[in-house]
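What follows is each chain in one-letter form.
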Amino acid sequence: MKPDCLILRFGELTLKGKNRKRFERSVIAQIRKILGAFPDLRYIPEFGRVYVELGGAPYEEASAALQRVFGLASFSPAYHAAMEVEAIKETALRLMRHLPKQPATFKVTVRRVNKSFPLDSQQMNYAVGGYVLEGMPGLKVDVRQPETELRVEIREDQVLLYAEVIECAGGFPAGTSGKALLMLSGGIDSPVAGWLGMRKGLTLEAVHFHSYPYTSERAKDKVLELAHQLAGYTDSIRLHLVPFTDVQTSIHRFYKDNLLVTLIRRAMYRIAEGIAEREGLSALLTGESLGQVASQTLPSLNAIGRVVSLPILQPLMMMDKQEIIRIAERIGTFPISILPYEDCCSLFLPPSPSTNPNLNMVERLEGSMDFLPDLIRKAVEQTETIEIVHGQLNKVPDPHFF
């Protein structure tokens, strides 16, 4: 039994007051785009939801695509029935028999918009529920906490029935909250931070630091795969690949003690801010989680973050590792992130990195590194940019080269 309609529900964007319609138009445009391969769909928008008449389009493909749309909270596969009591009862029984998982308990909720329909909502609850119980003897009614709620909408010109609610990405439509630069490593955390940023409506570009030959081509390929996975949730992602070897090795030659991680992270932030400002991006987005490693204690975050003037967005800050892993598994980045190819953040680590760096001492050390400003400028200039569009890689010509 294949559904012939989808009921799409918006999430928190419905609370946007005067801006709500702008957000709704944006998410509907994205839904139309992602379902563009099915030209016969018919869209019927209402407050807080959209009805999509499938017109013969394959439900499975449409369902998989919709689950990646930001701004869409959930949807339900629905079934039309004739505006007759017997037809509604028969459709309800077929629907319940074809659920992916057979429930032990259920309830019926009827919403009657068409007041000319002969039975009221309560009468239809009893009629439909009784008919389903007769056709499925092992099923029981539970009006308080049913495993399945069978909903019947008797509208002005049609009847719709549905029982499944499929969760989607939620959040805000892509591109409605500005643009930011994601600092994308090869680990578990930063791709999740990027996904959460996109979920809140950010348009993302990403930056990755590689230190060839200390880091391998496989490590860079791993980051490309992560960017591909994130690009599946939006139109495209521009990935900026920073040659970091000279910066990292020069700092390491000058200083090898417990503040090395702080110094290297500050250099990364400076480079990232330079790229963000050049590309017209308004914030940096990172995957820090408070207390997870030495560079993510409160004193370390303070010493590192002070080096830039752009806002630093850190959506994982108060999450524990298991929460982060659960999201990584859900969005498909986890199996890529655990591939055994390390990035430059794991290079040249001192035996005991400082968890409480002295900012004055850090700034004095940097003031003694006459080579550092020029190396940072060159790293920004020599950055390679790749645009990832629906699984394709396109090297972006450097506008500063000509």
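An account of the accompanying structure is given in this report. (Residues numbered from 1 in each chain as written. Predicted model: local features only at pLDDT ≥ 70, side-chain atom pairs only at ≥ 80, totals over all residues. Heavy atoms only, no water.)

**What to know about the overall build of the protein**
Inference 1: For the protein, the count of helices and strands is 13 helices and 16 strands.
Inference 2: The dimensions of the protein, computed from C-alpha atoms along their principal axes, are 85 × 45 × 40 Å.
Inference 3: Expressed as a percentage of contacts within the protein between residues at least 6 apart in sequence, the contacts between residues at least 24 apart total 80%.
Inference 4: Here the protein has roughly 19100 Å² of accessible surface; of this, 51% comes from carbon and sulfur atoms. (Helix = DSSP H or I, 4+ residues; strand = E, 2+ residues; numbered from the N terminus. Contact = heavy atoms within 4.5 Å. Areas by Shrake-Rupley, 256 points an atom, 1.4 Å probe, with all protein chains shown as cover.)

**Brief notes about unusual backbone geometry**
Inference 1: Put simply, Tyr 212 and Pro 213 share a cis peptide bond, and its omega is 5 degrees.
Inference 2: Within the element layout of this structure, Pro 213 appears in the loop between strand S11 (203–210) and helix H6 (217–231).

**Brief notes about the packing of helix H8 (residues 260–279) against helix H13 (residues 372–381)**
Two quantities define a packed helix pair, namely the angle between the helix axes and the distance between the axes.
Inference 1: The interhelical angle for the contact between H8 and H13, taken along N-to-C directions, is 45 degrees, at an axis separation of 9 Å. Accordingly, the angle class assigned to the pair H8 and H13 is oblique. Two packed elements cross with a definite hand, and for H8 against H13 that hand is right-handed. Where H8 abuts H13, its residues Ala 267, Arg 270, Ile 271, Gly 274, Ile 275 and Arg 278 lie against Leu 372, Ile 376, Ala 379 and Val 380.
Inference 2: Here the residues of the contact of H8 with H13 are counted per class, giving seven nonpolar, one polar and two charged. (Axes fitted to C-alpha atoms, helices over the stretch in contact; angles between N-to-C directions. Parallel < 35°, antiparallel > 145°, perpendicular 65-115°, else oblique. Left-handed = near helix turned anticlockwise from the far one by under 90°. Nonpolar A, V, L, I, M, F, W, Y, C, P; charged D, E, K, R; others polar.)

**Examining helix H5 (residues 189–199)**
Inference 1: Where burial is concerned, most of H5 is hidden: ten out of the eleven residues are buried.
Inference 2: Taken together, the buried positions of H5 are occupied by Asp 189, Ser 190, Pro 191, Val 192, Ala 193, Gly 194, Trp 195, Leu 196, Gly 197 and Met 198.
Inference 3: Residues of H5 that are buried in the fold lie against strand S10 (179–183), S11, H6, strand S13 (284–285), helix H10 (321–331) and helix H11 (334–337).
Inference 4: Two residues or fewer after H5 comes Gly 201, characterised by a positive phi angle close to 95 degrees. (Buried < 20%, exposed > 50% of the residue type's maximum accessible area, 1.4 Å probe, protein only.)

**With respect to the environment of Glu 46**
Inference 1: Summarising the element assignment, Glu 46 is placed in strand S2 (residues 42–46).
Inference 2: As for Glu 46 and Arg 9, which are separated by 37 residues in sequence, their C-alpha atoms are 9.7 Å apart.
Inference 3: Here Glu 46 is in contact with Tyr 51 and Arg 155, once residues within four sequence places are set aside.
Inference 4: Of the polar contacts made by the side chain of Glu 46, one reaches the side chain of Arg 155; its length is 2.3 Å. (Polar contact = N/O pair within 3.5 Å; in protein donor to acceptor, adjacent residues only side chain to side chain.)

**Side note on the layout of surface pockets**
Inference 1: Of the volumes computed, that of the largest pocket is approximately 790 Å³.
Inference 2: Ser 185, Arg 265, Gln 296, Asp 343 and Cys 345 are, among the 36 residues lining the largest pocket, the residues nearest its centre.
Inference 3: Of all the elements in the fold, those that place two or more residues in the lining of the largest pocket are H5, S11 and H8.
Inference 4: If you tally residues by element for the lining of the largest pocket, the top one is H8, at five residues.
Inference 5: Class assignment for the residues of the lining of the largest pocket results in 17 nonpolar, twelve polar and seven charged. (1 Å grid on protein atoms, 1.4 Å probe; cavity = no way out; pocket = protein on both sides within 12 Å on 5 of 7 lines; lining within 4 Å. Points joined across faces, edges and corners; volume = space filled by probe spheres on them.)

**Quick word on the environment of Cys 345**
Inference 1: Inspection of the secondary structure assignment puts Cys 345 in the loop between H11 and helix H12 (359–368).
Inference 2: Spatially, the C-alpha atoms of Cys 345 and Leu 8 are 42 Å apart, while their sequence positions differ by 337 residues.
Inference 3: In this structure Cys 345 touches Arg 265 and Met 268, once residues within four positions along its chain are discounted.

**Remarks on the packing of H8 against helix H9 (residues 298–305)**
Inference 1: Axis separation between H8 and H9 bottoms out at 9 Å; the angle between their running directions is 45 degrees. Here H9 runs oblique to H8, going by the angle between their axes. The element H8 and its partner H9 pack so that their crossing is right-handed. The residues of H9 that touch H8, namely those facing Thr 262, Arg 265, Arg 266 and Tyr 269, are Ala 303, Ile 304 and Gly 305.
Inference 2: Classifying every residue of the contact of H8 with H9 gives three nonpolar, two polar and two charged.

**Section: the pattern of salt bridges**
Inference 1: A complete count under the given rule lists 18 salt bridges for this structure.
Inference 2: Glu 86 is the salt-bridge partner of Lys 89, the closest N and O atoms lying 3.1 Å from each other. Taken together, the residues Lys 89 and Glu 86, both in helix H3 (residues 85–97) and three residues apart, mark about one turn of the helix.
Inference 3: Classification of Lys 89 as buried rests on a relative accessible area of 14%.
Inference 4: The salt bridge partner of Arg 278 is Glu 279, with a shortest N-O separation of 3.0 Å.
Inference 5: Linked by salt bridges that have partners in common, Glu 46, Arg 49, Arg 111, Glu 153 and Arg 155 make up one network. (Salt bridge = Lys/Arg side-chain N within 4 Å of Asp/Glu carboxyl O.)

**Thoughts on the packing of aromatic side chains**
Inference 1: Across all of its chains, the model carries six aromatic pairs by this definition.
Inference 2: Here the aromatic rings of Phe 209 and Phe 244 are separated by 5.2 Å at their centres, their planes lie at 70 degrees, and the arrangement is edge-to-face. A residue pair is termed long-range when its members are at least 10 positions apart, and Phe 209 in strand S11 and Phe 244 in the loop between strand S12 (236–243) and helix H7 (245–254) qualify at 35 residues.
Inference 3: What makes Phe 209 buried here is its relative accessible area of 6%.
Inference 4: Of the residues examined, Phe 244 reaches a relative accessible area of 0% and is grouped as buried.
Inference 5: These aromatic residues form a ring-pair network of at least three members: Phe 70, Trp 195 and Tyr 233.
Inference 6: Over the ring of Tyr 51 we find Arg 155; its NZ or CZ atom is 4.1 Å from the centre of that ring. (Phe/Tyr/Trp six-rings, centres within 6.5 Å; stacked < 30°, edge-to-face > 60°. Lys NZ or Arg CZ within 6 Å of the ring centre and 35° of its normal.)

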